[in-house]
Amino acid sequence: MKILPGPVMLDVVGTTLNDDDKRRLAHPMTGGVILFARHYESRAQLVALTAAIRAIREDLLIAVDHEGGRVQRFRTDGFTVLPAMGKLGALWDSDVMHATKVTTAVGYILAAELRACGIDMSFTPVLDLNYGQSQVIGDRSFHRDPRVVAMLAKSLNHGLALAGMSNCGKHFPGHGFAHADSHVAMPVDDRPLDAILRDDIAPYDWLGVALDAVLPAHVVYPQVDAKPAGFSRVWLQEILRQQLRFEGAIFSDDLSMEAARQGGTLTEGASAALHAGCDMVLICNQPEQAEKVLDELRFTPSKESRRRLKRMRPRGKALTWSKLVAQPRYLQAQALLRSAFA
């Protein structure tokens, strides 16, 4: 009997799989794997690792946070060092059409290189606005203007799609205004809903069907709901699903982060996020604790949820690295990127 993918995405211990990893990956509640810089030594090793994961469960979604700038997990052995999205926003301010071309090139390079190594998706683009005050967002944001954010994100998504990769907008409804870093504290954004809808949520609305998935922020917006967005039916069901008519997948942010601890134990937090409307929950950098969640969690995804996650799978056959680096589209994208930031 085939095991259907579960609603938990976790990571593995090191650069190769040990027996504990294999047991966790085979668990019916596991649906995905997220990789970090500590899982990377070389391209050959990364390809071997993703192949080993596939050998256990072919349908597991393999993901990474690979945005460019300071959030790029793989940077050596041929991987292109990608610019921070803020640099693309600055390029927009000087030449709009050139910026859109370069941003599409960045999206293509990002996705094609990852897919050549067996990775299905990156949690990108960042749709947060750069208010100049967030400790964790900063130049990860394209721009302060939501119109520019939406247009550059659309260009990046086009590049991802050219390589057969889905996109994931984050951090809904917006992490750019809150000062604190949700990895280590609980950020609070005290603005009224109207202000957030007008500015921060606008890119999600404008991108519409061009957005495959959304990752909500571990931020509390007390004028809307007392719960962080990723645990809030108000944000995920009433606003994202009903008001914005979003039909893509929803991934929680890392439930191991400090701002997610409001949910009690990790299992309680995972259950709360899933019941609020997330399709898949992330538990990062704590494989043993993640296994407790796998064993304790009592949740059956709906058919609709499974379909949403299945649509996140990559499309088309990925090129091998040797074929990719000789491909005209890739070479043209590289030349565009070099000329923009020479």
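Everything that follows concerns the structure shown earlier in this document.
Residues numbered from 1 in each chain as written. Predicted model: local features only at pLDDT ≥ 70, side-chain atom pairs only at ≥ 80, totals over all residues. Heavy atoms only, no water.

1. Brief notes about the overall build of the protein
Part 1 of the reasoning: Within the protein, the secondary structure is distributed over 13 helices and 12 strands.
Part 2 of the reasoning: Here the protein has a C-alpha radius of gyration of 19 Å; the compact-globule value for 342 residues is 20 Å, and the two agree.
Part 3 of the reasoning: In terms of overall dimensions, the protein has C-alpha extents of about 50 × 50 × 35 Å along its principal axes.
Part 4 of the reasoning: Here the protein holds 342 residues, and the buried ones make up 61% of them.
Part 5 of the reasoning: Taking all contacts inside the protein whose residues are at least 6 apart in sequence as the whole, residues at least 24 apart take part in 77%.
Part 6 of the reasoning: When the accessible surface of the protein is summed, it comes to about 13,900 Å², and 53% of that surface belongs to carbon and sulfur atoms.
Part 7 of the reasoning: Positive and negative side-chain charges in the protein, numbering 40 and 38 respectively, have mean positions lying 7 Å apart. (Helix = DSSP H or I, 4+ residues; strand = E, 2+ residues; numbered from the N terminus. Rg over C-alpha atoms; globule rule 2.2 N^0.38 Å. Buried < 20%, exposed > 50% of the residue type's maximum accessible area, 1.4 Å probe, protein only. Contact = heavy atoms within 4.5 Å. Areas by Shrake-Rupley, 256 points an atom, 1.4 Å probe, with all protein chains shown as cover. Lys, Arg positive; Asp, Glu negative; His and termini not counted. Charge placed at Lys NZ, Arg CZ, Asp CG, Glu CD.)

2. Quick notes on the sheet that holds strand S1 (residues 8–10)
Strand-to-strand pairing in sheets goes through backbone hydrogen bonds, with the strands running parallel or antiparallel.
Part 1 of the reasoning: One open sheet holds the 8 strands; their spatial order is S6-S3-S2-S1-S12-S11-S8-S7, and the pairing between them is parallel. Each having just a single partner strand, strand S6 (121–122) and strand S7 (169–172) make up the two edges of the open sheet.
Part 2 of the reasoning: Here helix H10 (residues 287–296) sits on the sheet and contacts S1, strand S2 (30–35) and strand S12 (280–283); the angle it forms with S1, its principal contact strand, is near 165 degrees. (Pairing = 2+ DSSP bridges. Axes fitted to C-alpha atoms, helices over the stretch in contact; angles between N-to-C directions.)

3. A closer look at the packing of aromatic side chains
Part 1 of the reasoning: Counting across every chain of the model gives 9 aromatic pairs.
Part 2 of the reasoning: Ring geometry for phenylalanine 74 and phenylalanine 79: centres 5.5 Å apart, planes at 50 degrees, overall tilted.
Part 3 of the reasoning: By relative accessible area, which is 0% here, phenylalanine 74 ends up buried.
Part 4 of the reasoning: By relative accessible area, which is 5% here, phenylalanine 79 ends up buried.
Part 5 of the reasoning: With a centroid separation of 5.1 Å and 90 degrees between ring planes, the pair formed by tyrosine 131 and phenylalanine 177 is classed as edge-to-face. Linking tyrosine 131 in the loop between S6 and helix H5 (146–162) with phenylalanine 177 in the loop between S7 and helix H6 (193–198), this pair joins segments that are 46 residues apart in sequence.
Part 6 of the reasoning: On the accessibility criterion, phenylalanine 177 (27% relative accessible area) is partly exposed.
Part 7 of the reasoning: By the ring-pair criterion, three or more aromatic residues cluster together here, those being Tyr40, Phe74, Phe79 and Trp321.
Part 8 of the reasoning: In this structure, arginine 191 packs its charged tip against the face of phenylalanine 177, placed 4.2 Å from the ring centre.
Part 9 of the reasoning: We note arginine 329 situated over the ring of tyrosine 108; from NZ or CZ to the ring centre the distance is 5.6 Å. (Phe/Tyr/Trp six-rings, centres within 6.5 Å; stacked < 30°, edge-to-face > 60°. Lys NZ or Arg CZ within 6 Å of the ring centre and 35° of its normal.)

4. So, the nonpolar core
Part 1 of the reasoning: One finds Leu35, Phe74, Phe172 and Trp235 to be the most contacted residues of the largest nonpolar core, which totals 89 residues.
Part 2 of the reasoning: Sort the elements by how many residues they give to this core and helix H4 (residues 96–116) lands first, with 11 residues.
Part 3 of the reasoning: Once you skip the residues sitting within four places of it in the chain, tryptophan 235 turns out to touch Phe172, Pro173, Leu193, Ile196, Ile201, Tyr221, Val224, Ala229 and Leu240. (Core = buried A, V, L, I, M, F, W, Y, C linked by side-chain atoms within 4.5 Å.)

It is worth stressing that arrangement in space is one thing and function is another; only the former is reported here.
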